[in-house]
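# Overview (structure and organization)
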Amino acid sequence: LVKQNPPGLPGIAVAWAACLFWRSKLIIDWHNYGFTLLSLTHGRNHPLVQAAKWCERLCGRLSDHNLCVTQAMREDLWLNCSIRAVTLYDKPAAHFKETPLALQHHLFLKLAKDHEPFRAGMCEQGTSGACPHSAFTEVDEQSGEVRKASGRPALLVSSTSWTEDEDFSVLLEALEGYEHSIREGAKLPSLVCVITGKGPLKDYYNGLIHQLHFKHIQICTPWLEAEDYPLLLGSADLGVCLHTSSSGLDLPMKVVDMFGCCLPVCAIHFACLPELVKHEENGLVFKDSAELAEQLKMLFFGFPSLEGKLHSFRENLRASKQPGWEESWDQTVLPLL
(Lines give C-alpha, C1' and ligand atoms only; values in the text may rest on other atoms or scores of the structure.)
Protein backbone atom coordinates (compact mmCIF):
# COMPACT_ATOMS: atom_id res chain seq x y z
CA LEU A 1 0.00 0.00 0.00
CA VAL A 2 1.35 3.41 -1.02
CA LYS A 3 0.09 6.31 1.12
CA GLN A 4 0.87 9.91 0.18
CA ASN A 5 1.49 12.29 3.05
CA PRO A 6 -0.06 14.83 3.47
CA PRO A 7 -2.93 14.31 3.95
CA GLY A 8 -1.79 12.45 7.04
CA LEU A 9 -4.37 12.23 9.80
CA PRO A 10 -6.05 9.87 10.23
CA GLY A 11 -5.19 8.19 6.92
CA ILE A 12 -1.56 7.42 7.68
CA ALA A 13 -2.48 5.55 10.90
CA VAL A 14 -5.37 3.74 9.19
CA ALA A 15 -3.06 2.68 6.36
CA TRP A 16 -0.54 1.29 8.82
CA ALA A 17 -3.28 -0.66 10.69
CA ALA A 18 -4.69 -2.02 7.41
CA CYS A 19 -1.24 -3.22 6.31
CA LEU A 20 -0.72 -4.86 9.69
CA PHE A 21 -4.07 -6.66 9.38
CA TRP A 22 -3.56 -7.76 5.76
CA ARG A 23 0.17 -8.44 6.22
CA SER A 24 1.00 -5.97 3.47
CA LYS A 25 3.89 -3.57 3.11
CA LEU A 26 3.36 0.14 3.70
CA ILE A 27 5.17 2.75 1.59
CA ILE A 28 4.78 6.39 2.62
CA ASP A 29 5.29 8.98 -0.11
CA TRP A 30 6.35 12.16 1.72
CA HIS A 31 5.41 15.32 -0.18
CA ASN A 32 5.47 17.53 2.92
CA TYR A 33 4.72 17.29 6.64
CA GLY A 34 1.07 17.47 7.55
CA PHE A 35 1.82 19.01 10.93
CA THR A 36 3.54 22.01 9.32
CA LEU A 37 0.44 22.65 7.22
CA LEU A 38 -1.72 22.52 10.35
CA SER A 39 0.63 24.94 12.06
CA LEU A 40 -0.16 27.61 9.46
CA THR A 41 -3.59 28.07 11.05
CA HIS A 42 -3.12 26.70 14.61
CA GLY A 43 0.49 27.56 15.45
CA ARG A 44 3.41 25.21 16.08
CA ASN A 45 2.54 24.51 19.73
CA HIS A 46 -1.13 23.62 19.29
CA PRO A 47 -1.97 20.14 20.70
CA LEU A 48 -3.42 19.01 17.35
CA VAL A 49 -0.20 20.03 15.58
CA GLN A 50 1.93 18.19 18.12
CA ALA A 51 -0.28 15.09 17.83
CA ALA A 52 0.02 15.13 14.04
CA LYS A 53 3.79 15.49 14.30
CA TRP A 54 4.04 12.51 16.69
CA CYS A 55 1.76 10.36 14.53
CA GLU A 56 3.63 11.13 11.30
CA ARG A 57 7.01 10.33 12.83
CA LEU A 58 5.77 7.10 14.45
CA CYS A 59 4.07 5.79 11.31
CA GLY A 60 7.10 6.75 9.24
CA ARG A 61 9.33 4.62 11.46
CA LEU A 62 6.85 1.73 11.33
CA SER A 63 6.47 1.81 7.52
CA ASP A 64 8.42 -0.58 5.32
CA HIS A 65 9.70 2.00 2.84
CA ASN A 66 9.61 5.78 2.49
CA LEU A 67 9.79 8.01 -0.56
CA CYS A 68 10.24 11.80 -0.54
CA VAL A 69 10.34 14.61 -3.08
CA THR A 70 13.63 16.38 -2.25
CA GLN A 71 17.10 15.58 -0.98
CA ALA A 72 16.50 18.15 1.76
CA MET A 73 13.45 16.23 2.99
CA ARG A 74 15.37 12.94 2.84
CA GLU A 75 18.03 14.40 5.11
CA ASP A 76 15.45 15.91 7.47
CA LEU A 77 13.54 12.63 7.75
CA TRP A 78 16.71 10.88 8.80
CA LEU A 79 18.17 13.54 11.11
CA ASN A 80 14.94 14.53 12.91
CA CYS A 81 12.73 11.46 12.57
CA SER A 82 15.17 8.52 12.14
CA ILE A 83 13.33 7.61 8.94
CA ARG A 84 15.27 6.36 5.93
CA ALA A 85 13.80 7.55 2.63
CA VAL A 86 14.60 7.51 -1.08
CA THR A 87 14.22 10.69 -3.15
CA LEU A 88 11.76 10.48 -6.03
CA TYR A 89 11.34 13.86 -7.71
CA ASP A 90 7.91 14.84 -9.02
CA LYS A 91 7.53 14.78 -12.79
CA PRO A 92 4.94 16.49 -15.01
CA ALA A 93 2.22 14.45 -16.65
CA ALA A 94 2.70 13.81 -20.37
CA HIS A 95 0.06 16.40 -21.38
CA PHE A 96 2.14 19.23 -19.90
CA LYS A 97 3.99 20.39 -23.01
CA GLU A 98 4.27 23.40 -25.29
CA THR A 99 0.94 24.27 -26.92
CA PRO A 100 0.80 24.48 -30.74
CA LEU A 101 -0.20 27.90 -32.04
CA ALA A 102 -3.56 26.74 -33.43
CA LEU A 103 -4.52 25.31 -30.03
CA GLN A 104 -3.37 28.52 -28.36
CA HIS A 105 -5.71 30.49 -30.60
CA HIS A 106 -8.61 28.17 -29.82
CA LEU A 107 -7.94 28.42 -26.07
CA PHE A 108 -7.69 32.22 -26.12
CA LEU A 109 -10.97 32.56 -28.02
CA LYS A 110 -12.63 30.22 -25.53
CA LEU A 111 -11.35 32.22 -22.55
CA ALA A 112 -12.29 35.49 -24.24
CA LYS A 113 -15.97 34.59 -23.90
CA ASP A 114 -15.78 35.12 -20.14
CA HIS A 115 -12.57 37.07 -19.54
CA GLU A 116 -12.04 40.48 -21.09
CA PRO A 117 -8.18 40.45 -21.07
CA PHE A 118 -8.22 37.75 -23.78
CA ARG A 119 -10.49 39.71 -26.11
CA ALA A 120 -9.58 41.65 -29.25
CA GLY A 121 -11.56 43.07 -32.17
CA MET A 122 -12.73 41.25 -35.27
CA CYS A 123 -10.80 41.32 -38.54
CA GLU A 124 -12.77 41.71 -41.70
CA GLN A 125 -12.22 38.89 -44.16
CA GLY A 126 -13.83 40.23 -47.31
CA THR A 127 -17.18 38.70 -48.05
CA SER A 128 -16.45 35.66 -45.92
CA GLY A 129 -17.52 37.44 -42.79
CA ALA A 130 -15.50 38.03 -39.64
CA CYS A 131 -12.32 36.28 -38.55
CA PRO A 132 -11.94 36.24 -34.75
CA HIS A 133 -8.85 37.58 -33.08
CA SER A 134 -7.68 37.09 -29.54
CA ALA A 135 -5.49 39.55 -27.67
CA PHE A 136 -2.53 37.25 -28.42
CA THR A 137 -3.27 35.55 -31.75
CA GLU A 138 -4.77 36.35 -35.13
CA VAL A 139 -5.56 34.53 -38.35
CA ASP A 140 -3.81 35.46 -41.59
CA GLU A 141 -6.49 36.61 -44.03
CA GLN A 142 -4.77 35.04 -47.04
CA SER A 143 -3.51 31.70 -45.77
CA GLY A 144 -5.86 31.15 -42.84
CA GLU A 145 -2.87 30.31 -40.66
CA VAL A 146 -2.71 31.36 -37.03
CA ARG A 147 0.09 33.72 -36.02
CA LYS A 148 1.06 35.73 -32.96
CA ALA A 149 -0.68 39.10 -32.91
CA SER A 150 1.56 42.10 -33.52
CA GLY A 151 1.82 44.34 -30.49
CA ARG A 152 0.40 41.65 -28.26
CA PRO A 153 0.72 41.85 -24.47
CA ALA A 154 2.97 39.45 -22.57
CA LEU A 155 1.13 36.59 -20.87
CA LEU A 156 2.13 35.91 -17.27
CA VAL A 157 0.62 32.90 -15.49
CA SER A 158 0.49 31.74 -11.90
CA SER A 159 -1.62 29.17 -10.09
CA THR A 160 -2.59 28.80 -6.48
CA SER A 161 -4.92 27.16 -4.00
CA TRP A 162 -5.28 30.61 -2.36
CA THR A 163 -3.98 29.54 1.06
CA GLU A 164 -1.70 31.04 3.71
CA ASP A 165 1.50 29.53 2.29
CA GLU A 166 1.36 31.80 -0.79
CA ASP A 167 1.43 35.57 -0.33
CA PHE A 168 0.06 37.03 -3.56
CA SER A 169 0.51 40.58 -2.32
CA VAL A 170 4.16 40.05 -3.38
CA LEU A 171 3.06 39.67 -7.02
CA LEU A 172 0.58 42.55 -6.83
CA GLU A 173 3.24 44.89 -5.44
CA ALA A 174 5.68 43.78 -8.17
CA LEU A 175 3.05 44.55 -10.81
CA GLU A 176 2.62 48.02 -9.32
CA GLY A 177 6.35 48.58 -9.79
CA TYR A 178 6.14 47.32 -13.39
CA GLU A 179 3.20 49.64 -14.12
CA HIS A 180 5.06 52.59 -12.62
CA SER A 181 8.05 51.95 -14.89
CA ILE A 182 5.85 51.97 -18.01
CA ARG A 183 4.24 55.23 -16.95
CA GLU A 184 7.71 56.72 -16.58
CA GLY A 185 8.57 55.77 -20.15
CA ALA A 186 10.14 52.32 -19.95
CA LYS A 187 9.76 50.36 -23.20
CA LEU A 188 7.91 47.41 -21.80
CA PRO A 189 4.89 45.48 -23.11
CA SER A 190 1.49 45.51 -21.52
CA LEU A 191 0.84 42.48 -19.32
CA VAL A 192 -2.03 40.07 -18.94
CA CYS A 193 -1.65 38.27 -15.60
CA VAL A 194 -3.72 35.11 -15.19
CA ILE A 195 -3.94 33.56 -11.71
CA THR A 196 -5.79 30.24 -11.71
CA GLY A 197 -7.21 28.20 -8.87
CA LYS A 198 -9.76 28.09 -6.05
CA GLY A 199 -9.29 28.50 -2.33
CA PRO A 200 -10.29 30.25 0.89
CA LEU A 201 -8.34 33.48 0.27
CA LYS A 202 -9.46 34.06 -3.31
CA ASP A 203 -12.11 36.62 -2.40
CA TYR A 204 -9.63 38.49 -0.22
CA TYR A 205 -7.08 38.81 -3.02
CA ASN A 206 -9.75 39.63 -5.60
CA GLY A 207 -10.68 42.54 -3.33
CA LEU A 208 -7.07 43.76 -3.41
CA ILE A 209 -6.95 43.36 -7.20
CA HIS A 210 -10.11 45.46 -7.66
CA GLN A 211 -8.47 48.29 -5.72
CA LEU A 212 -5.64 48.50 -8.25
CA HIS A 213 -5.98 50.92 -11.15
CA PHE A 214 -3.63 49.72 -13.86
CA LYS A 215 -3.57 51.08 -17.41
CA HIS A 216 -1.04 48.62 -18.81
CA ILE A 217 -1.77 45.47 -16.77
CA GLN A 218 -4.90 43.33 -16.71
CA ILE A 219 -5.43 40.64 -14.08
CA CYS A 220 -7.98 37.83 -14.14
CA THR A 221 -8.50 34.89 -11.79
CA PRO A 222 -10.34 32.19 -13.75
CA TRP A 223 -11.13 28.64 -12.74
CA LEU A 224 -9.95 26.57 -15.70
CA GLU A 225 -11.23 23.23 -16.89
CA ALA A 226 -8.69 20.47 -16.27
CA GLU A 227 -7.77 20.11 -19.95
CA ASP A 228 -7.28 23.88 -20.37
CA TYR A 229 -4.71 24.39 -17.61
CA PRO A 230 -1.77 22.66 -19.37
CA LEU A 231 -2.74 24.42 -22.61
CA LEU A 232 -2.53 27.78 -20.83
CA LEU A 233 0.89 26.98 -19.35
CA GLY A 234 2.10 25.88 -22.77
CA SER A 235 0.91 29.19 -24.25
CA ALA A 236 2.29 31.61 -21.65
CA ASP A 237 5.45 33.71 -21.74
CA LEU A 238 6.41 33.48 -18.06
CA GLY A 239 5.27 31.65 -14.94
CA VAL A 240 5.39 33.04 -11.41
CA CYS A 241 5.49 30.86 -8.29
CA LEU A 242 4.85 32.19 -4.77
CA HIS A 243 4.87 28.80 -3.02
CA THR A 244 7.10 28.98 0.06
CA SER A 245 6.45 25.52 1.59
CA SER A 246 5.18 25.15 5.14
CA SER A 247 8.16 22.92 5.95
CA GLY A 248 10.68 24.43 3.53
CA LEU A 249 11.36 20.89 2.29
CA ASP A 250 8.97 20.26 -0.60
CA LEU A 251 8.99 21.60 -4.15
CA PRO A 252 6.09 23.33 -5.94
CA MET A 253 4.34 21.00 -8.33
CA LYS A 254 3.16 24.01 -10.32
CA VAL A 255 6.78 24.72 -11.32
CA VAL A 256 7.25 21.07 -12.30
CA ASP A 257 4.24 21.42 -14.61
CA MET A 258 5.48 24.76 -15.99
CA PHE A 259 8.86 23.24 -16.79
CA GLY A 260 7.09 20.38 -18.55
CA CYS A 261 5.61 23.08 -20.81
CA CYS A 262 9.08 24.67 -21.26
CA LEU A 263 7.75 27.76 -19.46
CA PRO A 264 10.43 29.82 -17.68
CA VAL A 265 9.66 30.71 -14.08
CA CYS A 266 10.27 33.43 -11.51
CA ALA A 267 9.94 31.71 -8.11
CA ILE A 268 10.15 33.04 -4.57
CA HIS A 269 13.13 31.78 -2.61
CA PHE A 270 13.08 29.07 0.04
CA ALA A 271 15.71 26.65 1.22
CA CYS A 272 15.45 23.67 -1.15
CA LEU A 273 14.12 25.49 -4.26
CA PRO A 274 17.51 25.20 -6.06
CA GLU A 275 16.84 21.46 -6.41
CA LEU A 276 14.30 22.51 -9.06
CA VAL A 277 14.78 26.12 -10.16
CA LYS A 278 18.31 26.83 -11.35
CA HIS A 279 18.80 30.60 -11.06
CA GLU A 280 19.84 32.17 -14.38
CA GLU A 281 19.45 28.79 -16.13
CA ASN A 282 15.77 27.84 -16.31
CA GLY A 283 14.36 30.83 -14.44
CA LEU A 284 15.01 33.36 -11.71
CA VAL A 285 14.65 33.28 -7.93
CA PHE A 286 13.50 36.36 -6.01
CA LYS A 287 13.15 37.26 -2.34
CA ASP A 288 10.64 40.13 -2.35
CA SER A 289 8.31 42.17 -4.54
CA ALA A 290 10.97 44.74 -5.46
CA GLU A 291 13.29 42.04 -6.79
CA LEU A 292 10.44 40.40 -8.71
CA ALA A 293 9.51 43.75 -10.29
CA GLU A 294 13.09 44.19 -11.53
CA GLN A 295 13.11 40.65 -12.92
CA LEU A 296 9.85 41.23 -14.81
CA LYS A 297 11.21 44.44 -16.34
CA MET A 298 14.47 42.74 -17.32
CA LEU A 299 12.81 39.66 -18.83
CA PHE A 300 10.17 41.57 -20.82
CA PHE A 301 12.44 44.33 -22.11
CA GLY A 302 12.32 44.15 -25.90
CA PHE A 303 9.37 41.68 -25.88
CA PRO A 304 8.49 39.80 -28.08
CA SER A 305 12.05 39.61 -29.45
CA LEU A 306 13.56 36.12 -29.49
CA GLU A 307 16.62 37.43 -27.74
CA GLY A 308 17.45 37.89 -24.11
CA LYS A 309 17.16 35.72 -21.03
CA LEU A 310 13.51 34.79 -21.37
CA HIS A 311 14.25 33.10 -24.68
CA SER A 312 17.46 31.46 -23.45
CA PHE A 313 15.67 30.04 -20.40
CA ARG A 314 13.06 28.46 -22.65
CA GLU A 315 15.75 27.02 -24.91
CA ASN A 316 17.50 25.55 -21.86
CA LEU A 317 14.25 23.90 -20.78
CA ARG A 318 13.75 22.47 -24.25
CA ALA A 319 17.28 21.10 -24.28
CA SER A 320 17.16 19.50 -20.83
CA LYS A 321 16.33 15.83 -21.14
CA GLN A 322 14.81 14.67 -17.86
CA PRO A 323 13.49 11.14 -17.28
CA GLY A 324 9.70 10.92 -17.21
CA TRP A 325 7.55 9.67 -14.37
CA GLU A 326 7.50 6.02 -15.41
CA GLU A 327 11.25 5.88 -15.97
CA SER A 328 11.92 7.55 -12.61
CA TRP A 329 9.57 5.11 -10.88
CA ASP A 330 11.28 2.12 -12.50
CA GLN A 331 14.73 3.38 -11.51
CA THR A 332 13.88 4.38 -7.93
CA VAL A 333 10.89 2.46 -6.61
CA LEU A 334 10.96 -0.91 -8.34
CA PRO A 335 14.24 -1.92 -6.65
CA LEU A 336 12.51 -1.40 -3.29
CA LEU A 337 9.70 -3.75 -4.27
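Presented here is a report on the structure given in the accompanying data block.

Conventions we followed
Residues numbered from 1 in each chain as written. Predicted model: local features only at pLDDT ≥ 70, side-chain atom pairs only at ≥ 80, totals over all residues. Heavy atoms only, no water. Helix = DSSP H or I, 4+ residues; strand = E, 2+ residues; numbered from the N terminus. Rg over C-alpha atoms; globule rule 2.2 N^0.38 Å. Buried < 20%, exposed > 50% of the residue type's maximum accessible area, 1.4 Å probe, protein only. Contact = heavy atoms within 4.5 Å. Core = buried A, V, L, I, M, F, W, Y, C linked by side-chain atoms within 4.5 Å.

## With respect to the overall build of the protein chain
Along its length, the protein chain carries 12 helices and 14 strands. For the protein chain, the C-alpha radius of gyration of 22 Å lies close to 20 Å, the compact-globule estimate for 337 residues. With respect to the three principal axes, the spread of C-alpha positions in the protein chain is 75 × 40 × 35 Å. Out of the 337 residues belonging to the protein chain, those deemed buried represent 50%. Relative to all contacts within the protein chain whose residues are 6 or more apart in sequence, the contacts with residues 24 or more apart total 67%.

## A word on the environment of S82
Following the sequence through the fold, S82 ends up in the loop between α4 (71-81) and β4 (86-87). Given the relative accessible area of 48%, S82 is considered partly exposed. With 21 residues separating them in the primary sequence, S82 and R61 have C-alpha atoms 7.1 Å apart. When neighbours within four sequence positions are excluded, S82 is seen to be in contact with R61 and L77.

## A closer look at the nonpolar core
One finds F118, L155, L232, L233 and V277 to be the most contacted residues of the largest nonpolar core, which totals 36 residues. Those residues in contact with L233 that sit more than four places away from it in its chain are F96, V157, D257, M258, C261 and L263. In this structure, L175, C266, L299 and F303 belong to the second largest nonpolar core, which totals 35 residues.

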